[in-house]
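Below, each chain spelled out in residue letters.
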There are 4 protein chains.
Amino acid sequence: MKYTPDSSELSHTFGGRSPVLSVKPGTVLELYTEDCFGGLVRDVDDLPSVVCEFPYLNPVTGPFHVEGAEPGDTLAVHFVSITPARDWAVSSTFPHFGALTGTHTTATLHPPLDEVVWRYDVDVDAGLVRYHARRGDFSMELPLDPMHGTAGVAPAAFESRMTIVPDVHGGNMDTPELRAGTTAYFGVNVPGALFALGDGHCRQGDGEVCGTAVEAAMNTVVVFDVIKGAATPTPRFETDDCLMSAGSARPLEDAFRMSQHDLITWTAEMTGLDTLDAYQLISQAGTAPVGNVCDPNYTMLAKVQKKFLGGVRAYEGVHARLREISR
Amino acid sequence: MKYTPDSSELSHTFGGRSPVLSVKPGTVLELYTEDCFGGLVRDVDDLPSVVCEFPYLNPVTGPFHVEGAEPGDTLAVHFVSITPARDWAVSSTFPHFGALTGTHTTATLHPPLDEVVWRYDVDVDAGLVRYHARRGDFSMELPLDPMHGTAGVAPAAFESRMTIVPDVHGGNMDTPELRAGTTAYFGVNVPGALFALGDGHCRQGDGEVCGTAVEAAMNTVVVFDVIKGAATPTPRFETDDCLMSAGSARPLEDAFRMSQHDLITWTAEMTGLDTLDAYQLISQAGTAPVGNVCDPNYTMLAKVQKKFLGGVRAYEGVHARLREISR
Amino acid sequence: MKYTPDSSELSHTFGGRSPVLSVKPGTVLELYTEDCFGGLVRDVDDLPSVVCEFPYLNPVTGPFHVEGAEPGDTLAVHFVSITPARDWAVSSTFPHFGALTGTHTTATLHPPLDEVVWRYDVDVDAGLVRYHARRGDFSMELPLDPMHGTAGVAPAAFESRMTIVPDVHGGNMDTPELRAGTTAYFGVNVPGALFALGDGHCRQGDGEVCGTAVEAAMNTVVVFDVIKGAATPTPRFETDDCLMSAGSARPLEDAFRMSQHDLITWTAEMTGLDTLDAYQLISQAGTAPVGNVCDPNYTMLAKVQKKFLGGVRAYEGVHARLREISR
Amino acid sequence: MKYTPDSSELSHTFGGRSPVLSVKPGTVLELYTEDCFGGLVRDVDDLPSVVCEFPYLNPVTGPFHVEGAEPGDTLAVHFVSITPARDWAVSSTFPHFGALTGTHTTATLHPPLDEVVWRYDVDVDAGLVRYHARRGDFSMELPLDPMHGTAGVAPAAFESRMTIVPDVHGGNMDTPELRAGTTAYFGVNVPGALFALGDGHCRQGDGEVCGTAVEAAMNTVVVFDVIKGAATPTPRFETDDCLMSAGSARPLEDAFRMSQHDLITWTAEMTGLDTLDAYQLISQAGTAPVGNVCDPNYTMLAKVQKKFLGGVRAYEGVHARLREISR
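Please read these numbers as outputs of a predicted model, since none were measured by experiment.

Draft legend 1. Quick look at the overall build of chain A. Scanning chain A from terminus to terminus reveals four helices and 20 strands. Compactness check: chain A gives a C-alpha radius of gyration of 19 Å against a globular reference of 20 Å for 327 residues, within 12% of the reference. Along the first, second and third principal axes, the C-alpha atoms of chain A reach 55 × 40 × 40 Å. Considering chain A as a whole, with its 327 residues, one finds that 66% of them fall into the buried category. In chain A, 77% of the contacts between residues at least 6 apart in sequence involve partners at least 24 apart. Just so you have it, chain A exposes about 10,100 Å², and 50% of that area is on carbon and sulfur atoms. For chain A, the separation between the mean place of its 23 positive charges and that of its 42 negative charges on side chains is 3 Å.

Structure follows, in structure tokens:
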């Protein structure tokens, strides 16, 4: 099944929208997602604050109603492939947005930093993007590593959230771990889950320091599944080798705490270990990849190799099954 | 005009709801608001986690469509009176909620603190509430100082937020400054503003440390006005003597920064002072009342006596006009 | 007893210094303290970053060895009077210091805000200071309210800390509550306690937003006492009407948590209330005055009126005794 | 040259101590460092809160006076090898210490989590440590990855800091990046720099979540060098492939900001790139390894592969020279 939204079908919230499509678990879905600027920043002279209009930022494709998903279940979304749709991508600073500037909440009396756009060449075959300095003639090739910054479901409690916000429903987590080969798990809050996806990045550094990544439209293939009766308190990810829990909050230590707390209690659940034994094991065996340190909530992950947990099988092996379907 | 909601009319979000009533600017409106527990916690044995059901917490009365209010305008709401509706009120701890406990985001491995309910006697005529210790026979009279914890308008950007969240649209700011005699200003995001009100407190300490105040249903009288073409970036308050700006964010220093930033730039605007001169003046003349340090965002105010600004007239004197109407 | 340091006797740390004087408990001591700029900023053209030299900032007078004070005891310091020593005072912005600017730790890519000095007239008899805008001809009288920003003892664990740092040993708490009439309590970490004092302010707003207050040299009278065998985990203050606990930490909510935690457990101790009962009582009866939101640690206080605790007598009534001596 | 301290020679602060040895730049120094418990926790029944005495925790070996190092210079310390000194190591929870517990500053009313000790087998030849659950019979081998949690120089401004504190002088950064093969750079604050080292870890997870790593005494070989006239504002690290800057602060986003700010401005300096161009490049090419999220300051690193900067040569190639000496 294939779905390419026209621009009037794009959504700017999680929640508060009717589904654009209903899909059955197991369906392989090909999607097109527009970049975070709605495709309006095409060159270095297209300043985002001029060509984009609030709140029409960070559009997502969807939401998709997944049949059979009910509150209390878990939606599994396996990312089969994520491919840049164009041979260019853009990044920029944006007034009062980013980790190293005064912002709306970390309010200072400084005028904004200069708004600058960088245009990257994208070479999918070579697996590279090319950076060009704006104020000098330095260029540099960096590895292509496509991912989605924004993915999630409708929030609980009748909420509707801007797509730029990451929270327990997913949203704009901006973690490089959401790449092809990963299965993402979201707790379902409303019938059909109402999954949506956007904000493709050709690559990003940890923290998305300047506020934007190498932003690109994407052709992406996903497969859905529903795990009945399994609660997922915060987004989780699985790859062939690793398990991860995401935490999105401020200050950053709370994003860290949420993610570690979930990975530790999940580990205890899967292994039968006592909670303090799991606390100790994850403390020595785990890593803590940084997602974003620029969005309305910051995002961190807690990550562990499955082999260190002694062969656990998360969510009844759904990741392996979806891998199989995706081949 | 008088409005008493039945329980099916209560709202649990700002945004995402149709108005219950349309009112003209200048209308004096009498309202009934239920307490934050929906009136279900009546005695010390009514544990909130048992008798209340998520997300049906912190109900608000409204929303009210204020005629003529358009995005870009400011809604002024003057609080004429706030009167406890019953001769009792309640407070409680709640599992993993409050400033001195691990929470959902400040995630720890501790089991929750004990869930305990305190029932206060309320004596409106004497202007007192009476606290009774639960584990000993200590009692203490405290001054009645009625206020609303939750007040605000529909958010921008198609968002809908749980009433428990404070942000730039208002919401659950939980500041004792929202008492009778105060005019609150909110930036309008949607036609009619869609103002709603709830979460009456007979009194609260700064920070609402344990997570709840002396919670009570209220009979409240408000008057609305609309200031056309005046933007209000974050909620502001005015009394006969003082001006205040609210900031809601995490960590707490960001709530402080937002509130101070707004008061300083607003001061510069009203007085014609240079921004750094206003920074200096507020730094020496201002105070910083704490709202809540327990909700999804924390709230602080920046406050200054009008006389220290040399006779400014905020929003063209609307506070004085509404005071006049309310007499 | 009277002590006026010459400039070579000023100290820039708590800890790591030999006492300048040894005093007996009960001694009334008259002190001179220099301002936070070491007296080098005398006019609007004396830019602190030019005339002052790191680390010779924020000098304190002392330390004083108080006879009989041993680790595990509490030092009580009653402030009899605090009087500006000159008829002028100064305030300033300082590059990358203050609440509304990028700083060394809240690191941004912004250049510093302009460095500006304000000179205040000080009229002790009239009880006023006069602010003058630098970029316009606005002037404003503000009430004189003299206080010390910096007061404390030598830290534990062989530490020596710059005077600009507030922590559990006291230091640069920058709270307006440290005014005449207050008794401050500090846990003693080393023999003699080694108390020192400085950073007089003619007044300051909550948070010391711009990074400096109305800075002045002071003539100050204190009386010491030692409470044997009484631990004080974080600085506490007492006035005729109120008790207060200070918390100094980052982020600001941790300063809030520390101060509230101490006031609540101290209340439970003094009244015999159960901890959760004390949590509830302080949650409704307490206030949370903000100290500084600009120093290496932020400072907040938790404060309650003694009458709401039912007639407690802190530290065996030492405040009343010192009040008596001071008359 | 070889130095093994006896227990009376161990230091518990950075600063405030006389050097134990003076060494010339280029000297290869073999050191013994005791574990963070002073070697007193040897088995699961040795509870740290019982067998250790505050402030005699986290002992360091040193300080070493490095000849020719003067304030304004940079000390380079190359880690040639780090080898566990015993065939066992320990880890533990500790009352009110760690990322997922209420602490002294993140003060809550919870009683402490259980204090539990884990004893690891250490197999240097196999390159493994073995974890044993305490409350069940689960065991797991984890890769040995020896590192030092604590390394630094005497602080500026006459300060003396407990070894448990990380800050711009180094200290208890607890980052796995401080392993053999790394060169660490520290700004020199006092003549001789006064470098000290301790807190060996057989391995640790990111964040040292439970508060301690796999703690071990170490035999460690280092080589020193001094880079004259080169300032280093915060600790930096270099490996054959990467450059890193450390930030230590609270909240965690400030540790992130400090580290990213330093790496970006350092990159601009080394490459000649404009600051915003460097901001963009690091935003897409950089990573953000987490050090500790449990100590008095949290530590994060900003890290980039040298090849992405186009062949920079940091500190005039000192890392390569020290690598050469170490072979």
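Draft legend 2. Spotlight on the relation of the copies chain B and chain D. Between the two copies, chain B and chain D, the superposition gives an RMSD of 0.0 Å; the rotation angle is 180 degrees and the shift along the axis is 0.0 Å. Those values place the two copies in the arrangement expected of a two-fold rotation axis.

Draft legend 3. Quick look at the side chain of C:Ser245. Residues and elements named next belong to chain C. Looking at the secondary structure, you find serine 245 in strand 19 (residues 242–249). Accessibility expressed as a relative area gives 0% for serine 245, which makes it buried. Within the structure, the side chain of serine 245 is placed 3.4 Å from the backbone nitrogen of leucine 263, a separation counted as a polar contact. Apart from residues no more than four positions distant in its own chain, serine 245 is found in contact with Pro235, Arg236, Ser259, Asp262, Leu263, Trp266, Met300, Leu301 and Ala302.

Draft legend 4. Structural context of the packing of aromatic side chains. Enumeration according to the criterion identifies 32 aromatic pairs over all chains in this entry. Ring plane angle 90 degrees and centroid distance 5.6 Å describe the contact between A:Tyr3 and A:Phe64, whose orientation is recorded as edge-to-face. Residue A:Tyr3 is found in strand 1 (residues 2–3), and its partner A:Phe64 is found in strand 5 (residues 60–66); the two are separated by 61 residues along the sequence. For the pair A:Tyr3 and A:Phe64, a shared accessibility class is recorded, and that class is buried. Members of the aromatic cluster, connected to one another through ring pairs, are A:Tyr120, A:Tyr131 and A:Phe138. For the cation-ring pair, B:Arg236 lies above B:Trp266, with the distance from its terminal atom to the ring centre recorded as 4.2 Å.

Draft legend 5. Here's a closer look at the sheet that holds strand 7 (residues 88–92) of chain D. All names here are of chain D. Strand order in the open sheet formed by four strands is 7-8-9-10, with antiparallel pairing between adjacent strands. With one partner strand each, in any of the chains shown, strand 7 and strand 10 (139–143) form the two edges of the open sheet. Strand-to-strand twist of the sheet, defined as the mean angle between neighbouring strand axes without regard to direction, takes the value 30 degrees. Bridging between strand 8 (residues 117–123) and strand 9 (residues 128–132) involves three bridges; their strand directions are antiparallel. In the sheet register, aspartate 123 faces strand 9, and the bridge partner there is leucine 128.

Draft legend 6. Highlighting the packing of helix 2 (residues 252–271) of chain C against helix 3 (residues 275–285) of chain C. Residues and elements named next belong to chain C. One way to put it is that helix 2 packs onto helix 3 with a least axis distance of 8 Å and a crossing angle of 120 degrees. One finds that helix 2 runs oblique with respect to helix 3. Crossing geometry of helix 2 relative to helix 3 is assigned as right-handed. Of the residues in helix 3, those in contact with Gln260, Leu263, Ile264, Thr267 and Ala268 of helix 2 are Thr275, Ala278, Tyr279 and Ile282. Looking at the contact of helix 2 with helix 3, its residues break down into six nonpolar, three polar and no charged.

Draft legend 7. Expanded view of the interface of chain B and chain D. Opposite the 14 residues of chain B that make contact, chain D presents 14 residues. Here chain B packs against chain D, burying approximately 990 Å² in sum over the two surfaces, 66% of which is carbon and sulfur. When residues of chain B are sorted by the area they lose upon contact with chain D, B:Leu100, B:Leu109 and B:His110 head the list and together hold 51% of the total. Inspection of the region where chain B meets chain D yields zero salt bridges.

Draft legend 8. Main features of helix 3 of chain C. Burial runs high along helix 3 of chain C: 10 of the 11 residues are buried. Residues C:Leu276, C:Asp277, C:Ala278, C:Tyr279, C:Gln280, C:Leu281, C:Ile282, C:Ser283, C:Gln284 and C:Ala285 constitute the buried set of helix 3 of chain C. Summarising the contacts, the buried residues of helix 3 of chain C are in contact with strand 7 (88–92), strand 8 (117–123), strand 9 (128–132) and strand 10 (139–143) of chain B together with helix 2 and strand 20 (298–305) of chain C. For helix 3 of chain C, the N-terminal cap is C:Asp274; the gap from its side-chain oxygen to the backbone nitrogen of C:Leu276 is 2.8 Å.

Draft legend 9. Representation of the sheet that holds strand 8 (residues 117–123) of chain C within the structure. Read across the sheet, four strands follow the order 7-8-9-10 (chain C) without closing on themselves; strand pairing throughout is antiparallel. Each of the sheet's edge strands pairs with one partner strand only, and the pair in question is strand 7 (88–92) and strand 10 (139–143) of chain C. Between one strand axis and the next, the sheet turns through 30 degrees on average, direction left out of account. Here five bridges tie strand 9 (residues 128–132) of chain C to strand 10 of chain C, and the two strands are oriented antiparallel to one another. The residue bridging C:His132 from the neighbouring strand is C:Ser139, located in strand 10 of chain C. Helix 3 (residues 275–285) of chain B rests against strand 7, strand 8, strand 9 and strand 10 of chain C of the sheet, and its axis sits at about 40 degrees to strand 8 of chain C.

Draft legend 10. Seen up close, helix 4 (residues 318–326) of chain A. Three or more residues of helix 4 of chain A are buried, namely A:Val318, A:His319 and A:Leu322. Down the axis of helix 4 of chain A, the buried side of the element spans an arc of 100 degrees, and every buried residue falls inside it.

Draft legend 11. Representation of the state of the cysteines in the model. Residue and element names in this part refer to chain B. Inspection of every chain in the model, using the stated rule, returns zero disulfides over all chains. Here cysteine 202 stays free of any disulfide, with the sulfur of cysteine 36 as its closest cysteine sulfur at 11 Å. Using a relative accessible area of 0% as the deciding quantity, one classes cysteine 202 as buried.

Draft legend 12. Representation of the domain arrangement of chain A within the structure. Residue and element names in this part refer to chain A. Here chain A is described as being made up of domain 1 (2–227) and domain 2 (236–313). For domain 1 and domain 2, the distance between their C-alpha centroids amounts to 23 Å. Tallying the contact residues gives 26 residues for domain 1 and 21 residues for domain 2. With both chains or domains summed, domain 1 and domain 2 bury close to 1,800 Å², and 55% of this area falls on carbon and sulfur atoms. Linking domain 1 with domain 2 are one salt bridge, by the criterion used here. The closest approach of N and O atoms between lysine 303 and glutamate 177, which form a salt bridge, is 3.0 Å. At the junction of domain 1 with domain 2, the criterion picks out 10 residue pairs in polar contact (both at pLDDT 80 or more). The element contributing the most residues to the side of domain 1 that touches domain 2 is strand 15 (residues 183–187), with three residues. Class assignment of the residues belonging to the side of domain 1 that touches domain 2 gives a composition of 11 nonpolar, 10 polar and five charged.

Draft legend 13. Here's a closer look at the relation of the copies chain A and chain D. Note on the identical chains: chain A maps onto chain D by a rotation of 180 degrees and an axial translation of 0.0 Å, with an RMSD of 0.0 Å. A shared interface surface links the copies, since 100% of the contact residues of chain A are contact residues in chain D too.

Draft legend 14. Region of interest: the pattern of salt bridges. Using the criterion set out here, one finds 78 salt bridges over all chains in the structure. Taken together, the shared-partner salt bridges in this structure form one network comprising A:Glu159, A:Arg161, A:Asp167, B:Glu159, B:Arg161 and B:Asp167.

The rules we used
- Residues numbered from 1 in each chain as written.
- Chains lettered and ligands numbered in written order.
- Predicted model: local features only at pLDDT ≥ 70, side-chain atom pairs only at ≥ 80, totals over all residues.
- Heavy atoms only, no water.
- Helix = DSSP H or I, 4+ residues; strand = E, 2+ residues; numbered from the N terminus.
- Rg over C-alpha atoms; globule rule 2.2 N^0.38 Å.
- Buried < 20%, exposed > 50% of the residue type's maximum accessible area, 1.4 Å probe, protein only.
- Contact = heavy atoms within 4.5 Å.
- Areas by Shrake-Rupley, 256 points an atom, 1.4 Å probe, with all protein chains shown as cover.
- Lys, Arg positive; Asp, Glu negative; His and termini not counted.
- Charge placed at Lys NZ, Arg CZ, Asp CG, Glu CD.
- Least-squares fit on C-alpha atoms with pLDDT ≥ 70 in both.
- Polar contact = N/O pair within 3.5 Å; in protein donor to acceptor, adjacent residues only side chain to side chain.
- Phe/Tyr/Trp six-rings, centres within 6.5 Å; stacked < 30°, edge-to-face > 60°.
- Lys NZ or Arg CZ within 6 Å of the ring centre and 35° of its normal.
- Pairing = 2+ DSSP bridges.
- Axes fitted to C-alpha atoms, helices over the stretch in contact; angles between N-to-C directions.
- Parallel < 35°, antiparallel > 145°, perpendicular 65-115°, else oblique.
- Left-handed = near helix turned anticlockwise from the far one by under 90°.
- Nonpolar A, V, L, I, M, F, W, Y, C, P; charged D, E, K, R; others polar.
- Buried area = accessible area lost by both parts, 1.4 Å probe.
- Salt bridge = Lys/Arg side-chain N within 4 Å of Asp/Glu carboxyl O.
- Arc of directions from axis to C-beta.
- Disulfide = S-S within 2.5 Å.
- Domains from an automatic or database assignment.

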